[in-house]
Every structure is written in C-alpha cells, then in structure tokens.
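Listed here are the chains, written in short residue letters.
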There are 2 protein chains.
Amino acid sequence: MSKKMTIDGNTAAAHIAYAFSDVAAIYPITPSSTMAEVADEWVSAGRKNIFGQEVKIAEMQSEGGAAGAVHGSLVAGALTTTFTASQGLLLMIPNMYKIAGELLPGVFHVTARSLAAHALSIFGDHSDVMSVRQTGFTMLSSSSVQEVMDLAAVAHLSSIKGSLPVLHFFDGFRTSHELQKIDTIDYEDLAKLVDMEAITRFRERALNPEHPHQKGTAQNPDIYFQGREAANEYYNKFPEIVQHYMDEIGNLTGRHYHLFDYVGAPDAERVIILMGSGAETVEETAEYLNKKGEKVGLLKVRLFRPFATEKFLEALPKTVKKVTVLDRTKEPGAIGDPLYTDVVSAFGENGKTIEVVGGRYGLGSKEFTPSMVKAVYDNMSVKAPKNHFTVGIVDDVTNSSLEIPEHIDAASEGTIRCKFYGLGSDGTVGANKNSIKIIGDHTDMYVQGYFAYDSKKSGGFTVSHLRFGKTPIKSTYLIDVADFIACHNPSYVTRYDVADGIKEGGVFLLNSPWTLEDMERELPAEMKRIIAKKKVRFYNIDAIEIAKKVGMGNRINTIMLSAFFKLAEVIPVDDAIKYMKAAAKKSYEKKGEAIVQNNYKAIDAGVDGLVQIKYPESWATTTEGAEPLSVTDDKYFNSFVKPILAQRGDKIPVSMMSKDGSVPTGTTKYEKRGIAVEIPEWNPDTCIQCNQCSLVCPHAAIRPVILTAEEAANMPETFKTAEAKGKEFAGMRFRMQVSPLDCTGCKNCADVCPSK
Amino acid sequence: MSKKMTIDGNTAAAHIAYAFSDVAAIYPITPSSTMAEVADEWVSAGRKNIFGQEVKIAEMQSEGGAAGAVHGSLVAGALTTTFTASQGLLLMIPNMYKIAGELLPGVFHVTARSLAAHALSIFGDHSDVMSVRQTGFTMLSSSSVQEVMDLAAVAHLSSIKGSLPVLHFFDGFRTSHELQKIDTIDYEDLAKLVDMEAITRFRERALNPEHPHQKGTAQNPDIYFQGREAANEYYNKFPEIVQHYMDEIGNLTGRHYHLFDYVGAPDAERVIILMGSGAETVEETAEYLNKKGEKVGLLKVRLFRPFATEKFLEALPKTVKKVTVLDRTKEPGAIGDPLYTDVVSAFGENGKTIEVVGGRYGLGSKEFTPSMVKAVYDNMSVKAPKNHFTVGIVDDVTNSSLEIPEHIDAASEGTIRCKFYGLGSDGTVGANKNSIKIIGDHTDMYVQGYFAYDSKKSGGFTVSHLRFGKTPIKSTYLIDVADFIACHNPSYVTRYDVADGIKEGGVFLLNSPWTLEDMERELPAEMKRIIAKKKVRFYNIDAIEIAKKVGMGNRINTIMLSAFFKLAEVIPVDDAIKYMKAAAKKSYEKKGEAIVQNNYKAIDAGVDGLVQIKYPESWATTTEGAEPLSVTDDKYFNSFVKPILAQRGDKIPVSMMSKDGSVPTGTTKYEKRGIAVEIPEWNPDTCIQCNQCSLVCPHAAIRPVILTAEEAANMPETFKTAEAKGKEFAGMRFRMQVSPLDCTGCKNCADVCPSK
C-alpha cells in the first residue's frame, strides 16, 4: 500500500532508512539534520522498522564519532545507517575505508553539500560526496524527492544483498528541503524484498565471543596487496544487484530505474550527462527544446560507484556525437572534474570517438536554470565547444563561463508559480508549507515548495517558491517567472526587486498600510513600471492592522494565506477557507475556543480585507518613486555588500571576488534593514532613566544620550529631551535615542520598561 | 656549497623543510615520524633556517590538531610545514580545503602510505595522497632520496611564489627510510632563490589587529561559486612557477627536472607512466631492456596537481603507440585508478589515439621488481593488452594479475649487493648503517641501504639490503640477487630460505657454533644444495663465543661487521678496519679505554675468526638435513601463517585471503620462533621455588609445575624435579619448566633469580 504524501527529501530518506536499520549513529549537520530529527521523533512515537523493532539512535560527539559508532555497530552485526553532509562526511573518511574494506552493509544518506574552502557554504553541491569516492563505498544518486524514496530503498536492499556499504546522496537543500507530493513505499512491501539470508550471513560474521574471530589486523607487504584484491568480486557483482532491486522497486511502484537512465530524443546527437537535482532541470529543458524541434537528451547517472562502463555505453543512444558532462564540484588543479574524467575514460578505453566536454555548475546551490541548460546544449553546437567551462556565473577573469544570451521559460504548461517575500520567523514559510499540504492533500495536483533564506534566520529574509501543476514538477530552480507574488513586508519594496519576474497579467499582493496615494511616494519607480507594463493585478492588504483587530497580535501569516487562496485561484477559494478552518480548529482546539475563533476571523479577513489598487497607466513610464536608502559611501559596501543585500549577488562577477576569501571587517554597520513592523517610542515624561531598555536591546538599537548644557542649547526644537536625573548630570539633558532602521521590532524594550 | 651525505629520504625532506619554515605543527605517524624527530633535534642543537631563526615545532594532540595549527599558523603569516602519512593525512582533509581555498603557502611532506581498509598497513603506497587530490593542494612527487632533497626545495620555493599549498610526497619506507649517498643543498644557496617579495605579500595579508580583515566567512548561493573560481589564475600559473624553480635547482646542482620527465628510447613505442619510487625500478629495467634491443621508455610524473596536460603531451616521444599507466593505489568501484583516468582524459580531450591500459602495483609496499616491469612492457606487446591489471601478486580469483614468466637481473653492472639476516635489536641493522656510512664517506661509491623488519620489532626478524656501486643505485626493491649473504642467527637456517637468491660464486657467512659435521645435521638439504650448486664460498664464524671472549657480552654486531668487510671486499679490508676502529674510538672514548680496546679486539676477531667451510660436492644433490619444526596440524596456521612466518607470504595467492579481513584468533601459540641465543637452565638444587622467574618472563616461557606423587612415579628418568616446598604440597614434586622455542633469551629470569 503506497500513499501520497507531501514531504521533503530528508523525510523521504529517513522513511526508508528507518525501515531497514537496527541502529542509526548520528551527529547533526546542515542540511542533513532533518533525517535524524524525524527518525528520532519516530522512535519517540514507537514506530517500528520492518523487523518489528524501534531503531536505536545514538548521537555522538562529532561525525568522527558517529562514523566510528557506525563501524562498530556494523561489526557487531547490527544494520546501521547515518545521515551527514559536508565537513561531517570528511570526518567519516577514515572509518569509511574500514567499513568498505570489511564488506559491511552500512548505508550513509548524504545531503550533498559544499565544503569550506575560501569560504564556508551550508548549501548544496557534490564536493563532499566526491571527496569520498575513493573510499570503496558504492555511491547512488537521487535527483528528486520521489527518487530519494525509491532509490534509498534500492540502497539499503542492495547493501544487504551485496555486502557493500552504500553512500546514497541527493542535493542539499534543493532535494533535502524541497517539499514534493510523492508516493511513499509501505514497510510491508519493503520487508518482502529483503534478502533475509544475506542478513543471516551478515549477523553470523559479526564479532561474537561465542565464536570468536579477529578483524582489523595489520598486514605486511607480503600479503596486504592480495588482501586488497580479495574483495573484487563484491564490486563486480554489485551493479547487477542494484539493477535487480531497481527492477523490484519498479515492479512494486511502476517507477522504473536503471544504473544510467537516458531521457530525451531517441536520436539525439547532443547529450548532457549529470547527477543530482540538476538532472530534473535538464530533463525539463530537453523536453522543451525537443518540442521546438531540437534533438537533445540527457543521461542520468544513478550508480556512480561502481561505475558500470558497459551499462553506461549501452544507455546512450547510438546517434550521440557530442556529450557534455556536468560536474557539481570543483577540484582545483585536476585535469577535469570527476564525472567528466570517468566519462572520458569510459569512451577512451572502449574506442569511442564521441566528443566530450566538461563543465561545472551549481556550486554552493548556485542557480541552475533552463536558460543555462540551453547554453550548455548550444555550446555543443559550435565547432569548437568550450571545455572545462563554468555555467551560471560570469567569470570575467579566466573566462571560463558560458554566456546565457537568452532567457527561456521551460516549465510545463499549466504550472502555477507563486513567490512569497517574508521575514524570517514571521510565519510566511510556515503558512506556505500549510498551503502546499492543503493543496497536495485535497487535490490530485503535484506540488513543490522550496524556501530560500538568507543567513540571518529570525528577522532575516525569506522567499517561498511554490509550484502547483497537473504533471510532476521538475523545476529544481527558483521561480523565475511567477503567476503570483506576495510581499509580506512593506519595507522590502525599496530593498528588493520584489516585482521582478512577474508574468504578464500576474497577481501582486502587498501587505502595507498604504493607500494608492501613499504608494506613489513609497514604491520605487522601477516597481511601478513593471506592475503597469505587465498589466499586473495589484492588491494590497493591511494585514498588520487586521491582525491586531482580530486578536492575532502581529501574526499576519493566516491572513496572508487566505488572501493568497483568494487571489491565486489554485483551488476554489471556498474549499480553501474550509480546509484552513478545519486545520486551525485541529491546531488550536486545545488552546480554547477563543483562539480558534480568532483564527476563523483572520481567515475570513484575509479574503475580505483585500483592496485592488487601481494604479494609473502612467506608472508604465514613471521615473518617480521611493529611492533606496544610501547610508555610506564605503566603496566595498556599496559595490559588493549592497547588491548582495538587495538579492542581486548572483550577478557579481568573478573579478569582484576576493581571491583568498578575505573581506573587510565592520561592514554590518552599514546594513540598515528597517525590518521592524513597530518601533519603540520614547516617552520623556514617564521615563525614569533606568536604561534597562538599552540594556536588553539585542541589536543595540536603543542608546541613552546625555547632552551638556551647551549641546542642549543648540538642539533643534523637535528634539525631545528630559532633565537628566542624578547629581553628576546636574544641568544636563537626557534622551533615549532609538535607531529605527536597526530596530527589529522585537519589543524586548517595551517588555522590560518598569514605567510603561 | 653542497656536500655528499648518506641519509634517508625523511632526513632529506626535513633538511629542506627546516630551511624554509617558521613553524612546523606535527603529530608523528609512521613512516613520517623521522622528519619531525630530526627537525626537533636540530632545534635543540640551535640550527637556524634560511631566515636565521630556529623553527618553532609544535606537537599537537592528533593530525587533526596539527592541520588546524598549520592553518592557523599560515593565517597568522608564518611559513608553516607538517609531516604526515596515511590516516594522519585523512584527518587533515578538512583543513586542507581551507588552506588551499585561502591560497596559503604551506607545504606538507608526506611519506605516502597505505590506508587501513580490510587490514591496516604501515607500509608504502599512494592511497593516502590520492585521497586528498581533490582538496586544491598542488602535489609534487619524488622518486628517490636525491629527488626528495631537490624537489622538496622546489615545493617550498614554488609554494611561496605561487601562493598555493604543496603536498610533496615520496614513498613510505622505500624512499623515506632508504639510505642513499646524495648531494645536499646548502641553506645559503637556497636563501638566494626565495621570492622575498612574495613572502612580504604573504605576511601582509596575515590576520593582524593593526590592519584587520576577516577570513572564513560563510557565503550563500549568490556568490560562493564565483568565489570558488576566483583563484583559478593561481592554479593556471603554478606549473610555470614549479618549472622555474626546477630550472633554478638545476642550475644550482646540475640535476635537471621537469613537470614530466621522459627517460628511455627516444623512439619508444611502449611507455610506462608512473610516480614515486617505482619509477627508479622502471628506469633501471627500461635501460636493461633497451640495451637488449627493445625500444621502451617511461614518463615520470612529478607535478601531479595541477596536471599540466600540454607539458604532459609534449614530454612523450612522438613515436609512442601504447602506454601503461601504473597506479600505486586502489579505488574500488572506480572506472580506473586516478593517474590512469588522468592520462586517458589527457589523451581523450586532445584527440590522441594512443592505446592506454592501467595497472596497479606495489600496494602496502608490495615488491615491484624489474621482472614485473618487464611483464608490464610485455603486456603492451600483445594484441589486446590486459587493462586494469595487477602486477606483483597472483590473483587467481578475478584473474587481474599479469604473469611473471621470467626473472631478470636488471641492476647496473658492478653493483655489489649484500643481504644480512638479523634479529631485531641484535645490532645488525645498526652495524649495517655504519658500514654504509663508512663506505659512503670514504669512497666515491654510491650506496643504498634498506632495512626490512617484520612487525615484532625487538626480537623480530630483520633483513638488511645493502647495495654499493659506481653509478647511482636505482634498484628500489629488495635484493633478489646477492653477492653476499650473512645470516647472523643460526636458528634462521631452518626457518627462512636464507641462501635464496645468492649469486653463482657468491659469499655466504653464517654465525653459528657449528663445525662442518654439525652442519650436516643442522642445515636443511635445500640450503646445502643451493650452496654447493652455486659454488658459494661458505664461511662460518662463532661470533657469540668470540663476543664473550673479547668482553662484548652477546653483542656480535661489531664482529659480524668486520667479517663482512673481510669477505665482501667492497673496500680494502685494512682500510675498513682502520675506519671501524676510528669510529669505535670516537663512540666509546668517553666510556673508557677498556671498552675501546674490547671493540678493537672484536673488530680484529671478526676477521681472524672466520672459518671457510669446505663442504663436500655431494651437498649439490643431498636430500638430507634439518627439517623445519611442525608444531601443529592447524590447517589455517600451516597453510597461511606458516608461509608468512617463513617469509614466503609474497607467494600467497588472492584466493587464500580473507575477503573482509577477518582471521581466526589464537594462532600465535603455534609460532615457535626459537630465537634465544641462550636459554635459562633450571637448577633444582639451588631453586627456592619463589617463582619470580616465571613472573617476570615477558613471554610466559617459564612456568612452575607441581607433580602429584602418582605423576612423579611415572616421570622419565631424565625429567629433573625437586621436592615441592610448602605444607600444601607435601609429598609432591616441583619443576620449573622452560619452553626453549618460546624463550627470547632476554635473561630477565636469570637477573631476578634470588638464588643464582
């Protein structure tokens, strides 16, 4: 029995890992942590694995310890898994050689992530998994949340039967954190596929005082080499075992996989070869291009180690003339990146004269879009294709990058794309996750949710990217063309290009206290021009005011969610309201009827409070409007930090980057975020000058000031002060100065004030 | 000013590392430890680096800590080095990404070593260095002790000028521990080559509160990729910088190096490509084969990263048709091992249709001999050469191994090869090191010394391999054809094939108390046949007896050394005696004239005490002689452990190996080494039955026994016992039982005996 669920890749992997494991030895690292967290929750809830037992989860002191515990647990005969990424995986390398050398069936689920080099990145690429490809682990790659579910099962089943460890990986954040509606696989079905005899053999060779043997001996030059070759057969047989279980999973689910899967024109001359989530985008683009009459294709590498050369060659169409291998990692100084050299070697040692070039994309979760894919295909059409290129950046130093002359919209027709600008911890992301679940659970539509954060977390910047469609959604990139955009914070209009990428006739929803008249002043000219030129249906809602009124404090997420349902028309609004209210009841019933009623009111108000803005046609050409604040003439800040803060960092060329990762200090002071929804107002009449408000402010945005008599004499009339208390300040004036642009509106100051 | 010194690779590397370093952050691991040890000694002795300062050496808590300290030290603007290998290098991986990413000029000197997989090995291969090839470190390989001296300098100089870290590696044990007479490079000469401006730039970008900046930031998807490409130019320029310093070192020393050095027939059709000490053996063999009319060659890879494809292609002769790439590492599941895929890629992306195969050799210091090299060249001559082969083992499971049908002797003519069988800590190795230094220092001969140990250290088994010649010695393998063999321990004759490999008319020297008559009984038939068939000049010396007489206790090494000089005739024996006496005087003068005189006596006695054994011609066909002891009918011990103990482990085929490294327990009990030169004799008359001898025996080779009256009644007449002391043993007999074959002759029992 399989059922549809809207989950992320981490949960999909954990679902399978839990099924097959006796033990999980873990240490949390982004973006893998969720796998361990949900597994831990399942243990608490008494969930059983396919052997009818709870999984024993052991959190260690580091990934080095986790890998040691995995090794020890496997040696003791327990089926063992772990979840990790990036530097965490690096710390596991010594134990990985041991686990592979001792033919132990452990499975590592890895959310592939960058490694810290010139700078750290918590985001996704294949640098970590490629750094362990020499350890003897077999490696299986999943490209989407559904594949994570299916191939994680193949990983565990094959590992048990083939007696080799498997590193199952999928792209950090893009796949690990992307919500998709997928088919899950039931534990009862999985249990039937396990090779129980292989498990018995595994348990029999565990270290056991009843029938002792020793492992981990030291071997001298006379026999070490022979010992290292003694396991060859296990590797030779493994591809067949993996295909066997791909077939079994195919029979069970109808989703068929192969060690290498070709997609595209059967008579393609140009083919891209790659692994991971990028394959989804390439597939989407290839379909788009083939519909336009091109003949292109792609080969998805699933079993990367052992690399089954024969199957690889068989999988390619006979018509192929040119191949581009895309690697999502960089190995400075290497002749080529790893998948590239594998492919060149596979062709070379089999006498194939297919022309191969290699390129690098998507490092640190750099966007990889259909337009970039097209550039890669186009590169193969020129007489001397660029080799060892980069795509997705502008490399104006060593000129490695491909140009992206054309923007294409390759998404399947009928996909609805919605983008939401929110403030970290304002509830926008949570509300969007709810809307995805509501739509996913109550319709037969496919859904996808991806949530982009800056690194400030609470109080930072979030963009939610939601897609809904009748066919599976393969757009593994941020929304570049949007049917609907919501901006949940009015201060964003001068800070980010919030209207950028909206479709002709799309809907733009703003949360602000502004009338059309206010907007003439508050909105930047560029935004007005986009809205008018694209004939955008522009709505405003004063969600802050409404939230206060209906007793929701400043939590606007429920209001914005119902406004979205009303405007985006993904499902009938009445149904949406019904589902939202049912969900609110379920969530808040325990907290009392009043809270439930407040939520109901907020849901209704989100629909009722919408105001369509009848902007004048003149907006299409206006040059008047709000200007973004300029706070400093610091050259580094203005040329480098400011574009990044405005979400235009993708456009920064290589020449502007520090070569060794060093950067100036103290530039945060120029970053005036102005994110406070409400800011404190100082009352000179009641203030007792205790300064506690200044003490508790986490951002030092409130500071007490003393004015000498002389200074006080020269102060402007509007500058409010009070007589300074205390002997030492006799004759001086006091003021509590608030910095509105640094304030985050957390209210700590107001809470602590003894005289409020 | 350069001078000749007889040193090992570790000392050569340390000589250079010390010159260029402000700081060395270390953690000792075999076989790299010597580098840190000698550097530490030099600090104690007040030696200065080229900047006129002592090196600051910091020993950390692990290699992880050492790498962190190296990173921190470099960031602080100190030129920093470290020495490591194997698992130690694995623990440095996370920091290596950082050091490379931040363009820091650190140099790691690595004695390339195996990694623990199915079993641990402390011996040499390239598994460790290949596991870090993706980190962004540049990598430079040295093949011999002389190259370590020269290319270590290139490594430091290039690192400073090019602002990239360098991993300089050479083969563990083979190069790190091989003694060779080489030219050293003087610090004054090195100092002139340093790019001081580059050092100034390096120090200027160090973290410094006077002009602060920050490093190690976190970058998001918008800019991480651009930042990762910003350092490309450093890698692009690096090969040229390395060649520049190779040229500078060449101008200074007359020894010229290139990124890739081709050696062999200028019109070769078959070429081997490899790195490390194996290149010496291939060079020796190629010369030998070319002299016989073949046209073969080899390409030595020196700069492995960045891989300079153009220079690589230029270095190969235009006539090449077939290439074999030899990798000294195994990456299970990979399409090919790393140097192989590099070469295939280099050819592939440049449209070269040269046929390439790859092979694996020398894992865990497995022997790599001219006969094996010939098999590799022969493999290229067949129509369909075997690819992904192994050489040096018999793989009778997956049939990967090349057959070695023919044994060839490729060493330069005139090389004198001497082999010494000794007991760990009996002074044999020390004496051989002295003889090498005596010959190296007082003649213009080239010398090479390599010392093979089992893993028992003190009381274990040692074989010293010494070569002397008029031309540089490139035989980087154990001596297979010997002019001279000395067996310092009589018990070895039935345990090892000590006479194996002796040359027609060679000299065999045995230390034993035996007459010819005794030898008829004590020597195995096989040994007699070899001695007689090869017309070996066979000498005996009763060194134990002589040592006692001249007051040297049981230290036979001085006696055996002068016997060697007398018989081997590497230098005139009178000169040798003179040098030995001078050395003894220098060493022991402080301990008093008596000790010096004893040494003089021992030196003279070694010459005078030699007895030539006039064995009968009948030995050539005899089948009579001593039989090796059979102590158990345990099948595993007899078929697997026993050949290993007899030094025949090299011949064990893959099919006999455990696939996952697990082995039976408790087999040490069958290993009867019989290595004691003297064993304790129990005296029932004086024994007070305190059992202290039994208590102190480190090998439990002395155990007290009580016999009941009944048992005592049945004991053989020769079975000596004493009346058991103590009430509870009334009427019983006591015996202290010695196990002669387990005794190591350490004398602890005799020392502790209160009634002796």
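Going by the structure above, here's the rest.
The numbering scheme is per chain: residues are counted from 1 as the chain's sequence reads. Chain A is the first chain written and ligand 1 is the first ligand written, with later ones labelled in order. pLDDT decides what is reported in this predicted model: residues at 70 or higher carry local features, side-chain atom pairs at 80 or more are listed and counted, and totals for whole chains, interfaces and linings draw on all residues regardless. Heavy atoms throughout the structure, all of them, feed into the side-chain values; hydrogens and water do not.

(A) Region of interest: the interface of chain B and chain A. The contact rule is simple, with two residues in contact once any of their heavy atoms fall within 4.5 Å. Tallying the contact residues gives 103 residues for chain B and 103 residues for chain A. Interface area, chain B with chain A, both sides summed: about 8,900 Å², of which 61% is carbon and sulfur. Note on terms: buried area is the combined drop in 1.4 Å-probe accessible area of two parts once they are placed together, counting the loss on both. By the criterion of area lost to chain A, the three top residues of chain B are Tyr-224, Phe-225 and Ile-335 of chain B, representing 9% of everything that side buries. Any carboxyl oxygen of Asp or Glu that lies within 4 Å of a side-chain nitrogen of Lys or Arg is treated as forming a salt bridge with it. The interface formed by chain B and chain A holds six salt bridges in total. Put simply, Lys-330 of chain B and Glu-229 of chain A hold a salt bridge, and the shortest N to O gap is 2.9 Å. Here a polar contact is taken to be a pair of N or O atoms separated by no more than 3.5 Å, where protein atoms must pair a possible hydrogen donor with a possible acceptor and residues adjacent in sequence count only if both atoms sit in side chains. Taken together, the connections running from chain B to chain A amount to 42 residue pairs in polar contact (both at pLDDT 80 or more). At seven residues, the largest contribution of residues to the side of chain B that touches chain A is made by helix α14 (residues 338-348) of chain B. The secondary structure listing takes helices from DSSP runs of H or I that are at least 4 residues long and strands from runs of E that are at least 2 residues long, numbered from the N terminus.

(B) Looking closely at the side chain of Thr-281 of chain A. Residues and elements named next belong to chain A. Mapped onto the secondary structure, Thr-281 falls in helix α12 (residues 278-291). The buried label goes to any residue with under 20% of its type's maximum accessible area, the exposed label to any with over 50%, and the partly exposed label to all in between, with areas taken from a 1.4 Å probe on protein chains only. By relative accessible area, Thr-281 is classed as buried at 0%. Setting aside chain neighbours within four positions, we find Thr-281 in contact with Phe-368, Thr-369, Pro-370, Val-373, Lys-474, Thr-476 and Tyr-477.

(C) Layout of the packing of aromatic side chains. Between rings of Phe, Tyr and Trp, where Trp is taken as its six-membered ring, a pair exists when centres lie within 6.5 Å; planes separated by under 30 degrees are stacked, by over 60 edge-to-face, and by other angles tilted. Evaluated as defined, the whole model comprises 48 aromatic pairs over all chains. On the basis of an interplanar angle of 70° and a centroid distance of 5.2 Å, the ring pair of Phe-484 of chain A and Phe-564 of chain A is categorised as edge-to-face. Here Phe-484 of chain A, found in strand β19 (residues 482-487), pairs with Phe-564 of chain A, found in helix α20 (residues 557-568); they are 80 residues apart in sequence, far enough to count as distant. Each member of the pair, Phe-484 of chain A together with Phe-564 of chain A, is buried. Taken together, a centroid distance of 5.7 Å and an interplanar angle of 70° make the contact between Phe-508 of chain B and Phe-538 of chain B edge-to-face. Note that Phe-508 of chain B is positioned in strand β20 (residues 502-511) and Phe-538 of chain B in strand β21 (residues 537-541), a separation of 30 residues in sequence.

(D) How the structure looks around the environment of Asp-150 of chain B. Residue and element names in this part refer to chain B. Position of Asp-150 among the secondary structure elements: in helix α7 (residues 145-162). Overall, Asp-150 belongs to the buried group, its relative accessible area being 0%. Spatially, the C-alpha atoms of Asp-150 and Val-573 are 35 Å apart, while their sequence positions differ by 423 residues. Excluding residues within four positions of it along the chain, Asp-150 makes contact with Ile-185, Ile-249, Arg-255 and Tyr-257. Within the structure, the side chain of Asp-150 is placed 2.6 Å from the side chain of Arg-255, a separation counted as a polar contact.

(E) Molecular detail of a negative patch on the surface. Patch building starts from residues that exceed 30% relative accessible area and form no salt bridge, then joins like charges within 9 Å and nonpolar side chains (Val, Leu, Ile, Met, Phe, Trp, Tyr) within 5 Å. Using a 1.4 Å probe, the Shrake-Rupley method yields the accessible areas, and only the shown protein chains count as cover for residues. Two residue types count as positive, namely Lys and Arg, and two as negative, namely Asp and Glu; His and chain ends fall outside the count. Charge placement uses NZ in Lys and CZ in Arg. For Asp and Glu, CG and CD serve respectively. A cluster of acidic residues, Glu-37, Asp-40, Glu-41 and Glu-59 of chain A, forms a negative patch on the protein surface. Counting residues per element, the negative patch draws most heavily on helix α2 (residues 33-44) of chain A, at three residues.

(F) Representation of the relation of the copies chain B and chain A. Here the copies were fitted onto each other by least squares, based on C-alpha atoms from residues at pLDDT of at least 70 in both. Each copy of the sequence occupies a distinct position, and chain B is placed on chain A by a rotation of 180° and an axial shift of 0.1 Å, giving an RMSD of 0.1 Å. A rotation of that kind, with that shift, is consistent with a two-fold axis. Counting the interface residues of chain B, we find that 100% of their copies in chain A are interface residues as well, pointing to one common contact surface.

(G) Region of the structure containing the packing of helix α14 (residues 338-348) of chain A against α14 of chain B. Interhelical geometry of α14 of chain A versus α14 of chain B gives an angle of 75° and a closest axis separation of 8 Å. Classified by the interaxial angle, the pair formed by α14 of chain A and α14 of chain B is roughly perpendicular. In this structure, α14 of chain A uses Thr-341, Val-344, Ser-345 and Gly-348 of chain A to contact α14 of chain B, whose residues at the interface are Thr-341, Val-344, Ser-345 and Gly-348 of chain B. Between N-to-C directions, angles cover 0 to 180 degrees, with each direction set by a line fitted to C-alpha atoms, over the stretch in contact for helices. Each angle gets one of four labels, with under 35 degrees taken as roughly parallel, over 145 as roughly antiparallel, 65 to 115 as roughly perpendicular, and the rest as oblique.

(H) The arrangement of the packing of helix α1 (residues 9-20) of chain B against helix α2 (residues 33-44) of chain B in detail. Residue and element names in this part refer to chain B. Relative to each other, α1 and α2 sit at 50°, their axes nearing to 8 Å. Relative to α2, α1 is oriented oblique. The handedness of the crossing between α1 and α2 is right-handed. Contacts between α1 and α2 involve Asn-10, Thr-11, Ala-13, Ala-14, His-15 and Tyr-18 on the former and, on the latter, Thr-34, Met-35, Val-38, Ala-39, Trp-42 and Val-43. Charged residues are taken to be Asp, Glu, Lys and Arg, nonpolar residues to be Ala, Val, Leu, Ile, Met, Phe, Trp, Tyr, Cys and Pro, and polar residues to be all remaining types, Gly included. Residue composition of the contact of α1 with α2, by class: eight nonpolar, four polar and no charged. Working rule for handedness: look at the near helix, and if it is turned counterclockwise from the far one by less than a right angle, call the crossing left-handed; if clockwise, right-handed.

(I) Here's a closer look at the side chain of Gln-134 of chain B. Locating Gln-134 of chain B in the fold gives a position in the loop between α6 (127-130) and β6 (138-141). Within polar-contact distance, the side chain of Gln-134 of chain B engages the side chain of Tyr-97 of chain B at 3.4 Å. Within polar-contact distance, the side chain of Gln-134 of chain B engages the backbone oxygen of Ser-131 of chain B at 3.1 Å. When residues no more than four places from it in sequence are discounted, the contact partners of Gln-134 of chain B are Ser-131, Arg-133, Lys-330, Glu-331 and Pro-332 of chain A together with Tyr-97 of chain B.

(J) Focus on the sheet that holds strand β9 (residues 260-264) of chain A. Residues and elements named next belong to chain A. Any two strands between which DSSP finds at least two bridges are classified as paired. Strand order in the open sheet formed by six strands is β9-β11-β10-β13-β14-β15, with mixed pairing between adjacent strands. Two strands bound the open sheet, and with one partner strand each, they are β9 and β15 (389-391). Direction aside, the axes of adjacent strands within the sheet are offset by 25° on average. As judged from the four bridges shared by strand β10 (residues 270-274) and strand β13 (residues 322-327), these two strands associate in the parallel manner. Directly across from Arg-270, in β13, lies its bridge partner Lys-322.

(K) How the structure looks around unusual backbone geometry. Of note, the bond from Thr-30 of chain B into Pro-31 of chain B is cis; its omega dihedral lies within 30 degrees of zero at -5°. Here Pro-31 of chain B shows up in the loop between β2 (23-26) and α2. The omega torsion of the bond from Arg-305 of chain B to Pro-306 of chain B falls at -10°, within 30 degrees of zero and hence cis. Following the sequence through the fold, Pro-306 of chain B ends up in the loop between β12 (303-305) and α13 (309-315). The phi torsion at Gln-689 of chain A lies on the positive side, around 60°, for a residue other than glycine. Within the secondary structure, Gln-689 of chain A is located in the loop between α23 (635-645) and α24 (692-696).

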